[in-house]
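Fold and geometry: a report
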Amino acid sequence: MNNIQKKICITPIPVYTGFLDGYKEINPQLIDMMNDHREKYKESNTSNVKSWHSDYRTHKINLSFQPYIDKLVDGCDAIIQKYPREFGNMKNVVYEVFDFWFCMYQTNDHTIKHNHFPCDISCTYYVDVDENASPIMFRNLKIQPKSGMLVMWPGSLEHEVPPTKGNRTVIAMNLMVKSYE
């Protein structure tokens, strides 16, 4: 291919937030499961995340997370149903969990700017967040997480987490379109 060029199209990219139904009951259960998992798999995965974090295939390693994954996928689906035009009016899309992991940030832990391309949708769910924990940053958008918050965005959108002053326990997940019903 000859004469390859790059063109820039500036357009707003949405990031969605909401709170998971029943998070006050769910989160203590998740904390216990995450601590048990971390005790069994002590070594952190190595990546752009500079905190302890589980393997990206935690959903395949530890099947006990599946009921919670289902709740997170339902949360993402609720966002898609609320904003159908922004998702191409595809109301019957079935998503597959491509990656699932969790991070336990402590003071000064951070995440280097990155994206999750080629995944269609990325999300984070904040299980336990101190008031002085760092936000998640998307270009010019800063979202201050709170326990129970689900944040969802297109997988190609770059994001980062500056060094944190407070603890933040986070689940991260990437979704891929599996089929259209």
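Each remark here, short or long, concerns the structure printed above.
Structure report, in brief. These figures come from a predicted structure and were not determined experimentally.

Focus on the packing of aromatic side chains
Scanning the model with the defined rule gives seven aromatic pairs in all. Ring geometry for F65 versus F102: centroids 5.8 Å apart, planes at 45°, classification tilted. Taken together, the residues span a long stretch of sequence, with F65 in the loop between helix 2 (58-61) and helix 3 (66-82) and F102 in strand 4 (residues 93-105) at a distance of 37 residues. Since its relative accessible area comes to 0%, F102 is described here as buried.

Quick word on the pairing of strand 5 (residues 110-114)
Looking along a regular strand, one sees the side chains alternate between the two faces of the sheet. As paired strands, strand 2 (residues 49-50) and strand 5 are joined by two bridges and run antiparallel to one another. Pairing of V49 across the sheet is with T111, part of strand 5. Note: strand 5 against strand 10 (residues 159-161), two bridges, orientation antiparallel. Bridge pairing in strand 10 links H114 to H159.

As for unusual backbone geometry
Residues F117 and P118 are joined by a peptide bond in cis, for which omega reads 15°. As for its position among the elements, P118 is in the loop between strand 5 and strand 6 (121-129). We note that R139 has phi near 45°; this positive angle belongs to a residue other than glycine.

As for the side chain of S122
One can find S122 in strand 6. At 2.6 Å, the side chain of S122 forms a polar contact with the side chain of N174. Other than its neighbours up to four places away in sequence, S122 contacts H116, V151, M152, W153, G155, M173 and N174.

Brief notes about the pattern of salt bridges
A side chain with one charge may pair with a side chain of the opposite charge, provided their charged atoms come close. Using the criterion set out here, one finds two salt bridges in the structure. Of the charged contacts, one joins E39 and K42 as a salt bridge, the two residues approaching to 2.5 Å between their closest N and O atoms. Of the residues examined, E39 reaches a relative accessible area of 54% and is grouped as exposed. One salt bridge connects D99 with R57, and the closest N-O pair in it is separated by 2.9 Å.

About the criteria used
- Residues numbered from 1 in each chain as written.
- Predicted model: local features only at pLDDT ≥ 70, side-chain atom pairs only at ≥ 80, totals over all residues.
- Heavy atoms only, no water.
- Phe/Tyr/Trp six-rings, centres within 6.5 Å; stacked < 30°, edge-to-face > 60°.
- Helix = DSSP H or I, 4+ residues; strand = E, 2+ residues; numbered from the N terminus.
- Buried < 20%, exposed > 50% of the residue type's maximum accessible area, 1.4 Å probe, protein only.
- Pairing = 2+ DSSP bridges.
- Polar contact = N/O pair within 3.5 Å; in protein donor to acceptor, adjacent residues only side chain to side chain.
- Contact = heavy atoms within 4.5 Å.
- Salt bridge = Lys/Arg side-chain N within 4 Å of Asp/Glu carboxyl O.

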